[in-house]
Amino acid sequence: MPSSPNLVRREIVQTARTLVVKIGTNVLSQDDDTLDNSRFEALAAQVHAVRQSGRQVVLVSSGAIGAGIGLLGLKTRPKHLPHLQAAAAVGQAHLIDRYDDALKRYGYHAAQLLLTANDFRGRARYLNLRNTLRTLFEYNVIPIVNENDTVSVHEIRFGDNDRLAALVTNLLESPLLVILSVIDGLYDGDPARPGSKVIPLVKSWDDSLLNLATSGKSTRGTGGMQSKLEAARSATAVGENVIIANGRDATVLERILAAEEVGTLFLAKGKSIPAWKRWIGYSLPPRGRYFLDDGARKAIAQRGRSLLAIGITAVEGDFSKGEVVSLVDQGGAEFARGLTNFGSHDARRIAGKRTDQIAEALGSVPYDEVIHCDNLVVTA
């Protein structure tokens, strides 16, 4: 028996113009690692229902490596990168073909977007990706986004598609991120233990929620509840709402549209952050760290000030001017990120100095601020 509509969820659904739906490998796979046609058919029907409601849909889909494992007859997930990349190369074509076949029944085409972290690091590529998605929306097309596992190495990997889904959400206007797995949501205890219940609503993020995630990863994918919670934290921090739900429910997206209390809803934190600051704070991995004294930390975190050299006690990493640097307290805990006006070599030379001493250290004063407040985002 379906649950009754929830007023909070109804308001969130009514304001969402785009659903970003992350689909885990286990949602799409059978026990023998082959793709399950019935799951694609159910997803296509739900995508059609979302589109009929006047909303756009972006699917961030895992499953390429899992499909490749099945097609190649491998007994377990490969551990070595070249074999993972080979499985992804074989499986990706199979994956997108299944989506295209299922969506054609409703008059849609599947558009494949294979990304690496480098596509989010450069501002121009970031904007091009957003423009591509917007243009695809003008046609009868459903974007299918996946990490480009065939070329990804450690330096340019997202780590899992949960994080990628959160980054894609940052690109879009008025989105709702839906993460589909094979679990009903975030439980208040071990899901395998009797008495554990799904938490229907998380009003505000608390790092203690990470303690509720089991340590294991999915059997075929790379993520687990830990990565889903990290994605939820990232998306809610910039002002977006997130739902984690069970993707094996053949009507889960329609139930979400009906504002039913399905899965776990994570409410957005405060107002939405502008696109420029989303890119700085939540789309780019920091290339280094500035350790700040307590006065500088308070000036930035509490009063929105720029970072001056005098507040820096140490510089860590090798980075160039214009790259993202993490701002941390004396204990190493990050509280902000920003685009640095100085490379790491010069930053070390001016750390702890007053602005009027920078010329003596560098020969000139190219910038008064190490990071201007317009290019700073408080993340904690």
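Cut-off values and rules
Residues numbered from 1 in each chain as written. Predicted model: local features only at pLDDT ≥ 70, side-chain atom pairs only at ≥ 80, totals over all residues. Heavy atoms only, no water. Helix = DSSP H or I, 4+ residues; strand = E, 2+ residues; numbered from the N terminus. Buried < 20%, exposed > 50% of the residue type's maximum accessible area, 1.4 Å probe, protein only. Pairing = 2+ DSSP bridges. Expected span 1.5 Å × (residues − 1). Bend = angle between axes of the 7 residues up to and from the residue. Axes fitted to C-alpha atoms, helices over the stretch in contact; angles between N-to-C directions. pLDDT = per-residue confidence, 0-100. Contact = heavy atoms within 4.5 Å. Parallel < 35°, antiparallel > 145°, perpendicular 65-115°, else oblique. Left-handed = near helix turned anticlockwise from the far one by under 90°. Nonpolar A, V, L, I, M, F, W, Y, C, P; charged D, E, K, R; others polar. Core = buried A, V, L, I, M, F, W, Y, C linked by side-chain atoms within 4.5 Å. Arc of directions from axis to C-beta. Polar contact = N/O pair within 3.5 Å; in protein donor to acceptor, adjacent residues only side chain to side chain.

Some thoughts on unusual backbone geometry
At step 1: With phi around 50°, S174 is a residue other than glycine that occupies positive phi space.
At step 2: In this structure, A259 is a non-glycine residue whose phi angle is positive, near 65°.
At step 3: Within the fold, A259 resides in the loop between α10 (252-257) and β8 (264-266).

Looking at the pairing of strand β11 (residues 324-328)
At step 1: Burial of β11 is extensive: 5 of the 5 residues sit out of reach of the surface.
At step 2: Alternating positions in β11 separate into two faces, V324, S326 and V328 on one and V325 and L327 on the other, with burial throughout.
At step 3: For strand β9 (residues 288-292) and β11, the ladder comprises 3 bridges, and the chain directions are parallel. Among the inter-strand pairings, F291 is bridged to a residue of β11, identified as V328.
At step 4: Across 5 bridges, the pairing between β11 and strand β12 (residues 334-339) is antiparallel. Residue pairing for β12: S326 is matched across the bridge by R337.
At step 5: Between β11 and β12, which pair antiparallel in sequence order, lie 5 residues; one of them, G332, sits at a positive phi of approximately 90°.

Overview of helix α5 (residues 81-104)
At step 1: End to end, α5 covers 34 Å across 24 residues, agreeing with the expected 34 Å (1.5 Å per residue, within 8%).
At step 2: The sharpest bend along α5 measures roughly 30° and falls at G91.

A closer look at the sheet that holds strand β10 (residues 312-317)
As a general point, the strands of a sheet are linked pairwise by backbone hydrogen bonds and lie either parallel or antiparallel.
At step 1: Here we have 5 strands laid out as an open sheet, ordered β10-β9-β11-β12-β13, and mixed in their pairing. Either end of the sheet is taken by a strand with one partner, and the two such strands are β10 and β13 (376-378). Neighbour to neighbour, the strand axes of the sheet diverge by 25° on average, direction disregarded.

Thoughts on the confidence of the model for the protein chain
At step 1: Predicted confidence across the protein chain gives a mean pLDDT of 88, with 93% of residues reaching 70 or more.
At step 2: Note on residues 216-222: pLDDT is under 50 here. Beyond four places in sequence and across chains, it has 20 contacts.

A closer look at the packing of helix α8 (residues 161-171) against helix α9 (residues 225-237)
For any two helices packed against each other, one specifies the inter-axial angle together with the distance between the axes.
At step 1: For the pair α8 and α9, interaxial distance at closest approach is 8 Å and the crossing angle is 15°. Regarding the angle of α8 to α9, the classification is roughly parallel. Relative to α9, α8 is oriented so that their crossing is right-handed. Residues D162, R163 and A166 of α8 form the contact with α9, whose own contacting residues are S227, K228, A231 and S234.
At step 2: The residue makeup of the contact of α8 with α9, split by class, is 2 nonpolar, 2 polar and 3 charged.

Some thoughts on the nonpolar core
At step 1: F120, V145, V168, L172, L177, L229 and F266 are the most contacted members of the largest nonpolar core, which has 47 residues in total.
At step 2: One finds V47, I96, Y108 and V262 within the second-largest nonpolar core, a separate group that totals 37 residues.

Structural notes on helix α1 (residues 7-15)
At step 1: Of all the positions in α1, only R9, I12 and V13 are classed as buried. Down the axis of α1, the buried set is contained in an arc of 95°. They therefore lie on one face. Relative to its buried face, α1 has exposed residues pointing more than 90 degrees away, namely L7, E11 and Q14.
At step 2: Elements that come into contact with the buried residues of α1 comprise β5 (175-181), β7 (241-246), α10 and β8.
At step 3: One side-chain oxygen at the N-terminal end of α1 lies 2.9 Å from the backbone nitrogen of V8; it belongs to N6.

A closer look at the pairing of β7
At step 1: Burial analysis of β7 places 6 of its 6 residues in the buried class, which makes it a mostly covered element.
At step 2: Along β7, one buried face is formed by N241, I243 and A245 and the opposite face, lined by V242, I244 and N246, is buried too.
At step 3: Here β5 pairs with β7 via 6 bridges, running parallel. Within β7, the position partnered with L180 by the bridge is A245.

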